[in-house]
Amino acid sequence: MTRLVLVRLGWSVLTLWIVSVLVFAGTELLPGDVAAAILGQNATPESLAALRQTLGLDVPASQRYVEWAIGFVQGDLGQSLTNRQPVADLLWPRFLNTMSLAAYAAAVSLPLAVTLGICTAVWRNSFFDRATNVVALATVSLPEYFLGLLLILLLSVQSGLLPSLADTYDGMGLLAWLKATTLPMTVLTLVTVAQVMRMTRTAVLGVMDQPYIEMTYLKGLPNSRVVLRHAVPNAAAPIINVVAFNIAYLITGVVLVEAVFNYNGLGRFMVDAVSKRDLPMVQAAAMVFAVAYILLNMVADIGAIALNPRLRHPRMSES
């Protein structure tokens, strides 16, 4: 088990390094010039060259990558090119906002999705099973921004039940914060519930086709007990994988949702940084997203290994 965990950790570190190279190279290819964006259209070539030197943009890209990567490992995210403030001071409050929204959505969507997946497995081929799958396919097929605009129209413009913009601020009360973020939370919930529910249903039904499950039916056990006591525990590994994947999505896939609802999170922070050509801010946001995604996938892999004896002992499965 220790060896397998170390192998997963090594692959995660390698993946993160590859992502860092791609992130740095991608930001270098962004169109536009930071110095020109700061100084404006009336800047002279001499002033542009002086500002590029001040910002360190005259240094070769390979050298800037090494300095940036070493600083990131040490926790130094660099300085913003547009306002000369530490990127960490600007980024972490936005990251906490994104984590709060992701936690709110996860607390609602994941228990609901797993419960619906188990219920559709218990009552498979029933009207409830078919109707739930149709609704799940409909919600997962719609883009997040379309769902967001549709909910704003129905729940904000027409009914006035919820605010159309997720306007949050420091010192905001919990109930006010929940009301302000309910619409973006609902969009994230509609997207994630469908995926987790269908994977839970598939995993449980796959286990129920095993011979030992048939034996429990021959013993006269009711269907609900067979599913809850025998099928669900043995289907936990793929369920944990898809739950971790969707938690990673809730953290890293909120860019469009934050843009639609004007939520002050890391996704909007990254969009604003791209529009300003502020490379250190774009790189830091992308790497924070990457670290969160890779860590959650590594935890999912380790959880699947811990719950599956065949993965903990490969020789057992080979024999």
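Residues numbered from 1 in each chain as written. Predicted model: local features only at pLDDT ≥ 70, side-chain atom pairs only at ≥ 80, totals over all residues. Heavy atoms only, no water.

Visitor: I tried to follow the pattern of salt bridges on my own but got confused; where do I start?
Guide: When charged atoms on two side chains of opposite charge get close, those side chains can pair. Summed over the entire model, instances satisfying the criterion amount to two salt bridges. When the shortest N-O distance is used, the salt bridge between Asp129 and Arg201 registers 2.8 Å. Pair noted here: Asp129 is in helix H6 (residues 127–141) and Arg201 is in helix H8 (residues 174–208), with a separation of 72 residues, a long-range link. The same class applies to Asp129 and to Arg201, which are both buried. A salt bridge links Asp272 to Arg268, with the shortest nitrogen-to-oxygen separation between them at 3.9 Å. One end of the pair, Asp272, and the other, Arg268, are both in helix H13 (residues 266–275), four residues apart, so they sit about a helical turn from each other. With relative accessibility at 28%, the residue Asp272 sits in the partly exposed group. (Salt bridge = Lys/Arg side-chain N within 4 Å of Asp/Glu carboxyl O. Helix = DSSP H or I, 4+ residues; strand = E, 2+ residues; numbered from the N terminus. Buried < 20%, exposed > 50% of the residue type's maximum accessible area, 1.4 Å probe, protein only.)

Visitor: Teacher, can you tell me more about the packing of helix H9 (residues 211–218) against helix H10 (residues 223–234) here?
Guide: A pair of packed helices can be characterised by two numbers: the angle between their axes and the separation between those axes. Where H9 contacts H10, the axes come no closer than 10 Å and their chain directions differ by 160°. Taken together, the axes of H9 and H10 lie roughly antiparallel to each other. Crossing angle aside, the handedness with which H9 passes H10 is right-handed. Within the contact between the two elements, H9 uses Tyr212, Ile213, Thr216 and Tyr217 and H10 uses Asn223, Val226, His230, Ala231 and Asn234. Here the contact of H9 with H10 is composed, by residue class, of five nonpolar, four polar and no charged. (Axes fitted to C-alpha atoms, helices over the stretch in contact; angles between N-to-C directions. Parallel < 35°, antiparallel > 145°, perpendicular 65-115°, else oblique. Left-handed = near helix turned anticlockwise from the far one by under 90°. Contact = heavy atoms within 4.5 Å. Nonpolar A, V, L, I, M, F, W, Y, C, P; charged D, E, K, R; others polar.)

Visitor: How do you make sense of the environment of Thr54 when you look at a structure like this?
Guide: Here Thr54 lies in helix H3 (residues 45–55). Along the primary structure Thr54 and Leu81 are separated by 27 residues, whereas in three dimensions their C-alpha atoms are 9.9 Å apart.

Visitor: Looking at this structure, how should I read H8?
Guide: Note: α-helices contain 3.6 residues per turn, so residues at a spacing of three or four share the same orientation. For H8, which comprises 35 residues, the first-to-last C-alpha distance of 43 Å sits more than 12% below the rise-based estimate of 51 Å (1.5 Å per residue). If you look at H8, its biggest bend is around 50°, right at Thr182, and the proline Pro184 turns up within four residues after that. (Expected span 1.5 Å × (residues − 1). Bend = angle between axes of the 7 residues up to and from the residue.)

Visitor: Looking at this structure, I do not really get the nonpolar core. What am I missing?
Guide: One finds Leu91, Leu188, Val204 and Leu266 to be the most contacted residues of the largest nonpolar core, which totals 64 residues. Within the residue set of this core, elements represented by two or more residues are helix H5 (87–122), helix H7 (144–158), H8, H10, helix H11 (236–252), helix H12 (255–261), H13 and helix H14 (279–307). When residues in this core are grouped by element, the largest group, 16 residues, is from H8. Excluding anything up to four places from it in sequence, Val204 contacts Ala121, Val227, Ala231, Val232, Ala235 and Ile239. (Core = buried A, V, L, I, M, F, W, Y, C linked by side-chain atoms within 4.5 Å.)

Visitor: How do you make sense of a nonpolar patch on the surface when you look at a structure like this?
Guide: Taken together, the side chains of Leu142, Tyr145, Phe146, Leu149, Leu150, Leu153, Leu154, Val157 and Leu256 define a hydrophobic patch exposed on the protein surface, amounting to about 790 Å² of accessible area. For the nonpolar patch, the leading source of residues is H7, giving seven residues. Tracing the sequence through the fold places Leu153 in helix H7. (Patch = residues over 30% accessible without salt bridge, like charges linked within 9 Å, V, L, I, M, F, W, Y side chains within 5 Å. Areas by Shrake-Rupley, 256 points an atom, 1.4 Å probe, with all protein chains shown as cover.)

Visitor: Please clarify how the confidence of the model for the protein should be interpreted in this entry.
Guide: Fine structural detail should not be taken from predicted coordinates in areas where pLDDT scores are low. Per-residue confidence for the protein averages 80 on the pLDDT scale, and 88% of its residues sit at or above 70. Helix H16 (residues 314–318) is the least confidently modelled element of the protein, averaging 48 in pLDDT, while H5 averages 87, the highest of any element. (pLDDT = per-residue confidence, 0-100.)

Visitor: In this structure, what is going on with the packing of aromatic side chains? I would like to understand it.
Guide: The geometry of an aromatic ring pair is captured by two quantities: the separation of the ring centres and the angle between the planes. For the coordinates displayed, the defined rule picks out seven aromatic pairs. With 5.8 Å between their ring centres and 45° between their planes, Tyr104 and Trp177 make a pair best called tilted. A residue pair is termed long-range when its members are at least 10 positions apart, and Tyr104 in helix H5 and Trp177 in helix H8 qualify at 73 residues. Judged on exposure class, the residue Tyr104 and its partner Trp177 are both buried. Linked through ring pairs, Phe24, Tyr65, Trp68 and Phe72 together constitute an aromatic cluster. (Phe/Tyr/Trp six-rings, centres within 6.5 Å; stacked < 30°, edge-to-face > 60°.)

Visitor: Mind showing me how you'd approach unusual backbone geometry here?
Guide: Among all residues save glycine, negative phi is the norm, and among peptide bonds the norm is trans. Phi is positive for Asn125, close to 65°, though the residue is something other than glycine. Turning to its location among the elements, Asn125 is positioned in the loop between H5 and H6. Residue Asn125 is classed as exposed on the basis of its relative accessible area, which comes to 53%. One non-glycine residue, Asn262, lies in positive phi territory at about 55°. On the basis of relative accessibility, which here comes to 39%, the residue Asn262 falls in the partly exposed class.

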